[in-house]
Amino acid sequence: MDPFDEGAGGLLKQPKSVWATAGASVVAFMGIGLVDPILPSIAQGLNATASQVSLLFTSYFLITAVAMLVTGFVSSRIGGRRTLLLGLAFVVVFAGLAGTSGSVGELVGFRAGWGLGNALFVSTALAVIVGAAAGGSAAAILLYESALGLGMACGPLLGALLGDASWRYPFFGTAFLMAIGFLCITVFLKEQPKPARKTSLLDPIKALGHGGLASAAVSAFFYNYTFFTVLAFTPFVLNMSPYKSGAVFFAWGVLLAVFSVIVAPRLQKRFGSLKVLGGSLVLLAADVLVLGYGSHTTAVVCTILSGAFIGVNNTVYTELALGVSDAPRPVASAGYNFVRWFAAAAAPYFAPKIEEWTDIHIPFVVAAVTAVAGAVVVVVRRKALTHEAKELEPRHATEDGVTVFAN
């Protein structure tokens, strides 16, 4: 079925509940890159160092990683709709509080609460969209991925537009938009049936006992370190105004969206998932290495270009994670994301520290090495991943945000 078909179940013929959840998903994914263009402004406004401000990402993703063990446990007991609303409520409260912060410590703490809310929401959104969609899952999953890409692209843009006046405004803006999402889901989304089997806290950990899933998670761990070095550390290297930095990361997000939704499935179909993933990781490594040693203009170009490789990687990794084992998809996704989000928490902390210990180039050398390490895991563990790779048909089955993100 063509997901763009205007007939019943086409992309544009979904129920209001699906559109309400997808719209809230856009804002949820915007929250990931929202602070990118205003990181230098936050540092200046709160008299903080780059390594202190980078903890905004570390606290956010550390809580997100741990929450992966909790989200399935919660949603299988209270239902998808209530889990979404609980997550949105957390984001509204903590994003609003973040805007009132008087110190970088307060801001980091509020950002952690925001991460918990985002984990509850994003990890449940895809399942809710697919369950509420008309005419099968293809169009619904494409809609979810489009929401992810749009959110990743627009987050830095919104951060720049609001942050040019004050670094506090993007946080208030997010709280306002998520409050609208809360109201829309309350009105338009009906409660869906609860799963027949309740998920335990240890199910995601047990799922990682499968060699293929563990291999995908470890490779993605290394890749995510590279990804979030670009996302969290590069704004300090570019040292641009919020508007210019927002424009750079908007272009980055557009490439991420296009390559995730359109290009990656075509490359997979032609070359196979493992070859595409290995090649994309090596190209990403080369890109960040040039970014670290090139001129300012070169750094801008390489930052934008990295969005293409990141978009491909996000899609392929998530499809591998969701298809390589016989664990239920929500459980496999939770285990996979539990491992990989720890790297998203580590990179924003260690990149500025490595710069303090050495120089501004070395964090990108480390990021290039971790991208290559991810590719090496794919090559060495290809037998464990081969079963899934042979049978994989591009399903656009990304679940990133939590992925983001799994995409």
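Residues numbered from 1 in each chain as written. Predicted model: local features only at pLDDT ≥ 70, side-chain atom pairs only at ≥ 80, totals over all residues. Heavy atoms only, no water.

## Examining the overall build of the chain
To keep things clear, this is the line we draw: A run of H or I in DSSP counts as a helix once it spans at least four residues, and a run of E counts as a strand once it spans at least two, with each numbered from the N terminus. Type-normalised accessible area, obtained with a 1.4 Å probe on protein chains alone, sets the label of each residue: buried when under 20%, exposed when over 50%, and partly exposed for intermediate values. Here the accessible surface of atoms and residues is derived via Shrake-Rupley with a 1.4 Å probe, and residues count as covered only by protein chains that are part of the display.
Secondary structure assignment for the chain yields 16 helices and zero strands. By the burial criterion, 59% of the 407 residues in the chain qualify as buried. Total accessible area on the chain is roughly 15,100 Å²; 68% of this is exposed by carbon and sulfur atoms.

## Section: the packing of aromatic side chains
Short version of the rule: Stacked, tilted and edge-to-face pairs are distinguished by plane angle, under 30 degrees for stacked and over 60 for edge-to-face with tilted covering the rest, among Phe, Tyr and Trp rings (Trp via its six-membered ring) whose centres lie within 6.5 Å. Only lysine NZ and arginine CZ atoms are considered, and such an atom sits over a ring when it is within 6 Å of the ring centre and within 35 degrees of the ring normal.
Going through the model one piece at a time under the given rule, you end up with 18 aromatic pairs. When the ring of Phe221 is compared with that of Phe222, the centres are 5.8 Å apart and the planes differ by 80°; the resulting orientation is edge-to-face. A cation over an aromatic ring shows up here: Arg77 above the ring of Phe73, its NZ or CZ 3.7 Å from the ring centre. Its guanidinium or amino end placed over the ring of Tyr60, Arg111 lies 4.1 Å from that ring's centre, counting from NZ or CZ.

## Here we look at a nonpolar patch on the surface
Put simply, the rule reads: Within the patch definition used here, like charges are joined within 9 Å and nonpolar side chains (Val, Leu, Ile, Met, Phe, Trp, Tyr) within 5 Å, considering only residues with over 30% relative accessible area and no salt bridge. Counted as salt bridges are all cases of a side-chain nitrogen of Lys or Arg within 4 Å of a carboxyl oxygen of Asp or Glu.
A surface patch of nonpolar side chains, amounting to about 550 Å² of accessible area, comprises Leu157, Leu161, Tyr243, Phe250, Val254, Val258 and Ile262. Mapped onto the nonpolar patch, the elements with two or more residues apiece are helix H7 (138-163) and helix H11 (242-271). In terms of residue count, the dominant contributor to the nonpolar patch is H11 (five residues). Relative to the helices and strands, Phe250 is located in helix H11.

## Brief notes about the packing of helix H10 (residues 211-238) against helix H15 (residues 362-380)
Condition: The convention used is that axes are lines fitted to C-alpha atoms, helices contributing only their stretch in contact, and that angles between N-to-C directions extend from 0 to 180 degrees. Angle categories are assigned with fixed cut-offs, so that under 35 degrees is roughly parallel, over 145 is roughly antiparallel, 65 to 115 is roughly perpendicular, and the rest are oblique. Should the near helix be turned anticlockwise from the far one by less than a right angle, the crossing is termed left-handed; should it be turned clockwise, right-handed. Here a residue-residue contact requires only that any non-hydrogen atoms of the pair lie within 4.5 Å.
Running from N to C, H10 and H15 point in directions that differ by 160°, and their axes come no closer than 8 Å. As judged from the angle between their axes, H10 and H15 are roughly antiparallel. Like other packed secondary-structure pairs, H10 and H15 cross with a definite hand, here left-handed. Along the contact surface, H10 presents Ser215, Val218, Ser219, Phe222, Tyr223, Tyr225, Thr226, Thr229, Phe233, Thr234 and Val237, while H15 presents Pro363, Phe364, Val366, Ala367, Thr370, Ala371, Ala373, Gly374, Val377 and Val378.

## Remarks on H10
Applicable threshold: By this rule the span expected of a helix is its residue count minus one, scaled by 1.5 Å. Across the chain, bend at a residue is computed as the angle between axes fitted to the seven residues ending at that point and the seven starting from it.
Spanning 28 residues, H10 covers 40 Å between terminal C-alpha atoms, matching the ideal 40 Å at 1.5 Å per step. Along H10, the sharpest kink reaches roughly 40°, centred on Ala232 and followed within four residues by the proline Pro235. Most of H10 sits out of view: 22 of its 28 residues are buried. Just downstream of H10, Asn239 is the residue with a positive phi angle, here 50°.

## Observations concerning the packing of H10 against helix H12 (residues 273-293)
Here is the rule: When residues are sorted by character, Ala, Val, Leu, Ile, Met, Phe, Trp, Tyr, Cys and Pro go into the nonpolar class, Asp, Glu, Lys and Arg into the charged class, and all the rest, Gly among them, into the polar class.
Viewed as axis vectors pointing N to C, H10 and H12 meet at an angle of 30°, and their least axial separation amounts to 12 Å. Viewed along their axes, H10 and H12 adopt a mutual orientation that is roughly parallel. Relative to H12, the crossing made by H10 is left-handed. The residues of H12 that touch H10, namely those facing Ser219, Tyr223, Thr226, Val230 and Thr234, are Leu281, Leu284, Val288 and Leu291. A breakdown of the residues in the contact of H10 with H12 according to their chemical character gives six nonpolar, three polar and no charged.

## Here we look at the nonpolar core
Here is the rule we go by: Residues enter a nonpolar core if they are buried and are Ala, Val, Leu, Ile, Met, Phe, Trp, Tyr or Cys, with the set joined through side-chain atoms within 4.5 Å.
Membership of the largest hydrophobic core comes to 118 residues, with the highest contact counts inside it found for Ile42, Phe61, Phe121, Phe171, Ile185, Phe228 and Trp252. Considering each element in turn, this core owes the most residues, 14 residues, to H10.

## Focus: the environment of Ala119
As for its position among the elements, Ala119 is in helix H6 (residues 104-132). Judged by relative accessible area, Ala119 falls into the buried class, the value being 3%. Sequence separation of Ala119 and Val66 is 53 residues, and the distance between their C-alpha atoms is 9.3 Å.

## Some thoughts on the side chain of Asn337
Let me state the cut-off plainly: Two N or O atoms form a polar contact when they lie within 3.5 Å of each other; inside protein one atom must be a possible hydrogen donor and the other a possible acceptor, and for residues adjacent in sequence the pair counts only when both atoms belong to side chains.
Among the secondary structure elements, Asn337 is positioned in helix H14 (residues 329-357). Within the local environment of Asn337, its side chain forms a polar contact with the side chain of Arg340, the two groups lying 2.7 Å apart.

## Focus: unusual backbone geometry
In this structure, Asn47 takes a positive phi of about 50° despite not being glycine. Phi is positive for Asn239, which is not a glycine, with a value near 50°. Tracing the chain through its elements places Asn239 in the loop between H10 and H11.

## Considering the environment of Ser166
Relative to the assigned elements, Ser166 resides in the loop between H7 and helix H8 (169-188). Taking C-alpha positions, Ser166 is 8.9 Å from Ile38, a pair spaced 128 residues apart along the chain.

## Considering the side chain of Thr229
Looking at the element boundaries, Thr229 is found in helix H10. For Thr229, a relative accessible area of 1% corresponds to the buried category. Those residues within four positions of Thr229 in sequence are excluded, and the remaining contacts are Thr234, Ala347, Ala351, Pro363 and Ala367.

## Observations regarding the environment of Gly212
Tracing the sequence through the fold places Gly212 in helix H10. Taking relative accessible area as the criterion, Gly212 reaches 2% and is therefore assigned buried. When the C-alpha positions of Gly212 and Arg382 are compared, they lie 8.6 Å apart, and in sequence the two are 170 residues distant. Every residue in contact with Gly212, bar those within four places of it in the chain, is listed here: Val324, Ala384 and Leu385.

## As for H11
Given 3.6 residues to a turn, an α-helix orients residues that are three or four positions apart in the same direction. The axis of H11 is deflected most strongly, by about 45°, at Val263, and proline Pro265 appears within four residues downstream. One or two residues past the end of H11 sits Gly272, with phi positive at roughly 95°.

## Focus: the confidence of the model for the chain
Just so we agree on the cut-off: The pLDDT value tells you how sure the predictor is about a given residue, anywhere from 0 up to 100.
Looking at the chain as a whole, the pLDDT averages 83, with 88% of positions reaching at least 70. Averaged over each element, pLDDT in the chain is lowest for helix H16 (residues 382-391) (67) and highest for H15 (97). Across residues 388-407 the pLDDT falls below 50, and counting only partners more than four positions away or on other chains, this stretch makes 102 contacts in the model.

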